[in-house]
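Coordinate inspection notes
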Amino acid sequence: MAQLGKIPATVITGFLGAGKTTMIRNMLENANGKRIALIINEFGDLGVDRGIINGCGIEGCAEDDVVELANGCICCTVADDFLPTIQGLIDRETPPDHIVIETSGLALPKPLVKAFNWPEVRSRVTVDGVVAVLDGAALRDGLFAHDHHAVQAQREADENLDHESPLEELFEEQLLCADMVVLNKTDLLSDEERIKVEADIRAELKKPSVKIIATEHSRVENAILLGLGAAAEDDLDSRPSHHDDGHEHDHDDFDSFVVSLDAINDPEALEKRLVNVVREFDVLRIKGFLDVPGKPMRHVVQGVGERFQRYFDRPWSDGESRRSELVVIGLHGIDRDAIEAAIKAA
């Protein structure tokens with residue numbers, strides 16, 4: 001239950017491509033009259049996640065209910081962007097019944113939870129729960145998993161690495177701050193693989209009360225996700241962080257840039273090029289929109305690692321400029337020119 005008189009807020013965190021945006025779409029489709037306001041935190045120059053939500057076609061999903069913070073991670077912008085956004089929502093004539101915050105895949109959740117202790121917010125909003133969405137197939141393959149031996153071997157094999165992998169640290173931060181873990185994409189796992197992955201997650205969690213929910217395509221009932229009653233802002237000590245010693249989260253560990261393309265006649269051929277780009281240049285994430293000639297609808301591309309999804313999401317709006325743009329996200333130092341040339345190669 002939410003604290004008396006306070007609007008509950010759910011923080012949805014998780015690594016790149018784990019299924020956070022899909023979860024929010026499912027949540028909206030099953031809101032059953034509940035007024036849910038969204039704050040979407042975007043990493044990169046192209047507001048892909050907001051565009052996907054606004055293009056969902058769900059009745060009642062108004063653009064005014066989607067507020068995008070486009071300056072990187074919420075943990076770095078709480079004073080400038082996040083607090084005014086929250087205040088704007090709760091000061092509306094008809095305030096939301098629930099606030100959902102989708103963090104960037106690169107965000108640290110604990111500083112965001114701490115922000116709810118600010119005097120302007122604390123008396124009116126409570127963190128109902130932090131939900132971490134995990135990619136089950138990636139964990140099965142040893143990606144973004146908490147394995148100190150593997151990280152150490154990687155460090156020793158690469159003379160350019162002299163610190164803990166930022167991906168590893170981010171994964172751990174998001175996991176240890178969670179009140180609920182959603183193990184997504186379990187349709188890609190055998191029963192034995194799912195059991196092992198769940199056991200590995202449980203071994204890393206510090207709080208035995210954290211629930212692990214196995215799901216496919218991010219489908220989780222709102223009655224499970226909302227109403228956790230965690231009051232996480234009052235429970236910070238049980239959420240350990242690498243940054244409790246005062247060290248700041250360094251976003252220089254990652255680079256992102258936008259690749260603008262001409263109209264794409266063959267999205268399947270482009271996808272094959274993107275898979276090769278990910279493989280050759282160790283790209284973490286590619287997402288964006290395509291203009292496919294002869295098609296009245298916009299084509300969405302979302303990829304994490306070598307796994308891609310493509311679909312038409314909504315018609316191009318009247319007066320809207322049809323375009324093809326992709327956001328590429330990778331570790332600092334990725335070769336932007338070579339990646340862009342490879343994506344555009346005929």
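All of these numbers come straight from a predicted model, not from anything done at the bench. Residue indices follow the written sequence of each chain, beginning from 1 at its first position. Since the coordinates come from a predicted model, pLDDT governs what is reported: local features require at least 70, and pairs of side-chain atoms require 80 or more to be given and counted, while whole-chain, interface and lining totals use all residues. Excluded from the side-chain calculations are hydrogens and water; all other atoms, namely the structure's heavy atoms, are used.

The next thing to look at is the overall build of the protein. Per the secondary structure count, the protein includes 12 helices and 12 strands. Buried residues are those whose accessible area, probed at 1.4 Å on protein chains only, stays under 20% of the maximum for their type, while exposed residues exceed 50% and partly exposed ones sit between those limits. Every one of the 346 residues in the protein was classed for burial, and the buried ones make up 53%. Contacts spanning at least 24 positions in sequence make up 79% of the contacts within the protein whose residues lie at least 6 apart. For the protein, the computed accessible surface area is about 15900 Å², with 46% contributed by carbon and sulfur atoms. What counts as a helix is a DSSP run of H or I of at least four residues, what counts as a strand is a run of E of at least two, and both are numbered from the N terminus. We call two residues in contact whenever any of their non-hydrogen atoms come within 4.5 Å of each other. A 1.4 Å probe and the Shrake-Rupley method give the accessible areas. Residues count as covered only by the protein chains that appear here.

A word on the environment of R322. Mapping R322 onto the fold places it in the loop between β11 (307-315) and β12 (324-331). Note: C-alpha distance between R322 and M297 (25 residues apart in sequence) is 9.7 Å. Contacts of R322, omitting those with residues within four sequence positions, involve D291, V292, P293, K295, P296 and W316. Here D291 takes part through its side chain, which lies 2.7 Å from a polar atom of the side chain of R322. Any pair of nitrogen or oxygen atoms within 3.5 Å is treated as a polar contact; in protein, a donor-acceptor pairing is required on top of that, and neighbouring residues in sequence qualify only through side-chain atoms on both sides.

So, about the pairing of strand β7 (residues 211-214). Alignment of strand β6 (residues 180-184) against β7, held across four bridges, turns out to be parallel. Across the sheet, residue V182 finds its bridge partner in β7, namely I213. Think of it like this: strands point away, you trace from the first strand over the helix to the second, and a clockwise trace means the crossover is right-handed. Taken together, β6, helix α9 (residues 191-204) and β7 constitute a β-α-β crossover, and its handedness is right-handed. Here, any two strands with at least 2 DSSP bridges between them count as paired.

F82, I86, I99, I101 and F116 are the most contacted members of the largest nonpolar core, which totals 23 residues. Where this core is concerned, the elements lending two or more residues are β1 (7-14), β2 (36-41), α3 (78-90), β4 (98-102), α4 (109-115) and β5 (125-135). When residues of this core are assigned to their parent elements, the largest contribution, five residues, is made by α3. Beyond its immediate chain neighbours, meaning those up to four positions away, I86 contacts I39, I99, V121 and V125. The next biggest cluster of nonpolar side chains, apart from the first, holds 21 residues, and it includes V259, L290, F308 and I343. Note on terminology: a nonpolar core comprises buried Ala, Val, Leu, Ile, Met, Phe, Trp, Tyr and Cys residues joined through side-chain atoms within 4.5 Å.

Let us look at the pattern of salt bridges. When a carboxyl oxygen of Asp or Glu is within 4 Å of a side-chain nitrogen of Lys or Arg, the pair counts as a salt bridge. All told, the structure shown has 19 salt bridges when counted by the stated rule. R124 is paired through a salt bridge with D91; the nearest N and O atoms lie 2.8 Å apart. With R124 in the loop between α5 (119-122) and β5 and D91 in the loop between α3 and β4, the pair connects residues that are 33 residues apart, well separated along the chain. Look at D91 and you get partly exposed, because its relative accessible area is 49%. Through salt bridges with shared partners, a single network forms among D179, K207, D235 and R239.

Before going further, it helps to spend a moment on the packing of aromatic side chains. Any pair of Phe, Tyr and Trp rings, taking the six-membered ring for Trp, is counted once the centres come within 6.5 Å. Such a pair is stacked with planes under 30 degrees apart, edge-to-face with planes over 60 apart, and tilted for the rest. On inspection of all chains with the given rule, the structure shows zero aromatic pairs. Over a ring means this: the NZ of a Lys or the CZ of an Arg is within 6 Å of the ring centre and within 35 degrees of the ring normal. Seen from the ring of F289, R298 lies directly overhead, with NZ or CZ sitting 3.8 Å from the centre.

Its place among the elements puts R298 in strand β10 (residues 297-304). Residue R298 is classed as buried on the basis of its relative accessible area of 2%.

This paragraph deals with the environment of E216. Assignment of secondary structure puts E216 in the loop between β7 and α10 (222-225). C-alpha of E216 to C-alpha of L188: the two residues are 28 residues apart in sequence and 8.6 Å apart in space. In this structure, E216 is in contact with N184, K185, T186 and D187, ignoring residues within four places of it in sequence.

In the Ramachandran plot, H217 falls in the positive-phi region, its phi being about 55° despite a non-glycine side chain. Relative to the helices and strands, H217 resides in the loop between β7 and α10. Classification of H217 by relative accessible area gives partly exposed; the value is 42%.

Another aspect to go through is the packing of helix α11 (residues 267-281) against helix α12 (residues 336-344). Axis definition: a line fit to C-alpha positions, over the contact stretch in the case of helices; interaxial angles, taken between N-to-C directions, run 0 to 180 degrees. It is the contact of α11 with α12, at a shortest axis distance of 9 Å, that shows an interaxial angle of 155°. Taken as axis vectors, α11 and α12 run roughly antiparallel relative to one another. Judged by the sense of rotation from one axis to the other, the crossing of α11 with α12 is right-handed. Across the interface between the two elements, L270, R273, L274, V277 and F281 of α11 pack against A338, I339, A342 and I343 of α12. Class assignment for the residues of the contact of α11 with α12 results in eight nonpolar, no polar and one charged. Should an angle fall under 35 degrees it is called roughly parallel, over 145 degrees roughly antiparallel, and 65 to 115 degrees roughly perpendicular, with every other angle called oblique. Should the near helix be turned counterclockwise from the far one by less than a right angle, the crossing is left-handed, whereas a clockwise turn marks it as right-handed. Asp, Glu, Lys and Arg are counted as charged, while Ala, Val, Leu, Ile, Met, Phe, Trp, Tyr, Cys and Pro are counted as nonpolar; the rest, among them Gly, fall into the polar class.

What pLDDT conveys is the predictor's confidence in a given residue, as a value from 0 to 100. With 76% of its residues at a pLDDT of 70 or more, the protein has an overall mean of 79. Here helix α7 (residues 148-157) stands out as the least confident element of the protein, with mean pLDDT 41; β6 is the most confident, with 95. A low-confidence stretch, residues 145-165 stays under pLDDT 50, and its non-local contacts, those more than four residues away or across chains, total 19 contacts.

It is worth spelling out helix α1 (residues 20-29) at this point. Of all 10 residues that make up α1, eight are buried, and the element is covered over most of its length. When α1 is considered as a whole, its buried residues turn out to be K20, T21, M23, I24, R25, N26, M27 and L28.

Another point: α11. For a helix, the expected span equals 1.5 Å multiplied by the number of residues minus one. With 15 residues, α11 should reach 21 Å at 1.5 Å per residue; the first-to-last C-alpha distance of 21 Å fits that figure. Phi turns positive, to about 55°, at D282, one or two residues after α11.

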